[in-house]
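# Understanding the architecture of this molecule
Letter by letter, the chains look like this.
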Amino acid sequence: DVKVTQSSRYLVKRTGEKVFLECVQDMDHENMFWYRQDPGLGLRLIYFSYDVKMKEKGDIPEGYSVSREKKERFSLILESASTNQTSMYLCASTPWGSNYGYTFGSGTRLTVV
Amino acid sequence: QQQVKQSPQSLIVQKGGISIINCAYENTAFDYFPWYQQFPGKGPALLIAIRPDVSEKKEGRFTISFNKSAKQFSLHIMDSQPGDSATYFCAASRGGGKLIFGQGTELSVKP
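Residues numbered from 1 in each chain as written. Chains lettered and ligands numbered in written order. Predicted model: local features only at pLDDT ≥ 70, side-chain atom pairs only at ≥ 80, totals over all residues. Heavy atoms only, no water.

### Digging into the overall build of chain A
When helices and strands are tallied, chain A shows 0 helices and 11 strands. Reading chain A from its N end, one meets helices and strands in the order β-β-β-β-β-β-β-β-β-β-β. Rg of the C-alpha trace for chain A: 13 Å, near the compact-globule value of 13 Å for 113 residues, within the 12% margin. Its C-alpha atoms give chain A principal-axis dimensions of about 40 × 25 × 25 Å. Within the span of chain A, comprising 113 residues, buried residues form 49% of the whole. Taking the intrachain contacts of chain A between residues at least 6 apart in sequence as the baseline, contacts between residues at least 24 apart amount to 56%. Between the mean site of the 15 positive side-chain charges and the mean site of the 14 negative ones, chain A shows a separation of 6 Å. (Helix = DSSP H or I, 4+ residues; strand = E, 2+ residues; numbered from the N terminus. Rg over C-alpha atoms; globule rule 2.2 N^0.38 Å. Buried < 20%, exposed > 50% of the residue type's maximum accessible area, 1.4 Å probe, protein only. Contact = heavy atoms within 4.5 Å. Lys, Arg positive; Asp, Glu negative; His and termini not counted. Charge placed at Lys NZ, Arg CZ, Asp CG, Glu CD.)

As structure tokens, then:
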């Protein structure tokens, strides 16, 4: 069964901390995405990547950065966590040239206190 | 113009009833309209999708209706079951590009 695995299910971090959210996929997909999910706002795209070492800003990149050193791994970085970054974070992947069927991870619930 | 607007935000339906969730879009270049289903503690999963060259697509109890002139599409769940209780997201994309998601609808089917 193909998988997108997010390293942590729940995280609690302090304001100002640097936070790393990890995502690994085993499907050899080129495209990877980071979304945040908030009630009433749906899924909002933070960053995406179409290839190793490639990254593009999504709709809400402020306060975030990403890293993709290997094809299977896409990391989301909160440089200095703030309380308004408390959210559910979802990683997804698709094959190159096809964004028709995203495979999502189960999400990381991040709380910043 | 890139937005997809989804309604209602929450929906309660009796078992056996019909659940209807609506989405509207502005960008006429969108050419792919999927629906995703998300159970608690899980990521969203593709449920059903449609392209604008057809007006309806049915898969089991799930049907997408598409109205190109009105720039609207909807998900109908026939004979709704408690196991259908989940959050549903509509989405749209253009030319295989990244998906734009709606705001989500939390469906609760009461026994």
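Past the structure itself, the notes keep going.
### Some words on the pattern of salt bridges
Residues and elements named next belong to chain A. Per the counting criterion, the structure on display carries 10 salt bridges over all chains. Put simply, Lys 71 and Asp 28 hold a salt bridge, and the shortest N to O gap is 2.9 Å. Taken as a pair, Lys 71 in the loop between strand 7 (64-70) and strand 8 (73-78) and Asp 28 in the loop between strand 3 (19-25) and strand 4 (31-38) lie far apart in primary sequence, 43 residues in all. Among the residues examined, Asp 28 registers a relative accessible area of 53% and is labelled exposed. Linking Asp 38 and Arg 36 is a salt bridge whose minimum nitrogen-to-oxygen distance equals 2.8 Å. Take Arg 36: its relative accessible area is 8%, and that puts it in the buried class. (Salt bridge = Lys/Arg side-chain N within 4 Å of Asp/Glu carboxyl O.)

### Considering the interface of chain B and chain A
Contacts between chain B and chain A engage 19 residues on the former and 20 residues on the latter. Summing both partners gives a buried area of about 1600 Å² for chain B against chain A, and 55% of it is carried by carbon and sulfur. If you look at where chain B meets chain A, you find 0 salt bridges. Classifying every residue of the side of chain B that touches chain A by side-chain character gives 7 nonpolar, 9 polar and 3 charged. (Buried area = accessible area lost by both parts, 1.4 Å probe. Nonpolar A, V, L, I, M, F, W, Y, C, P; charged D, E, K, R; others polar.)

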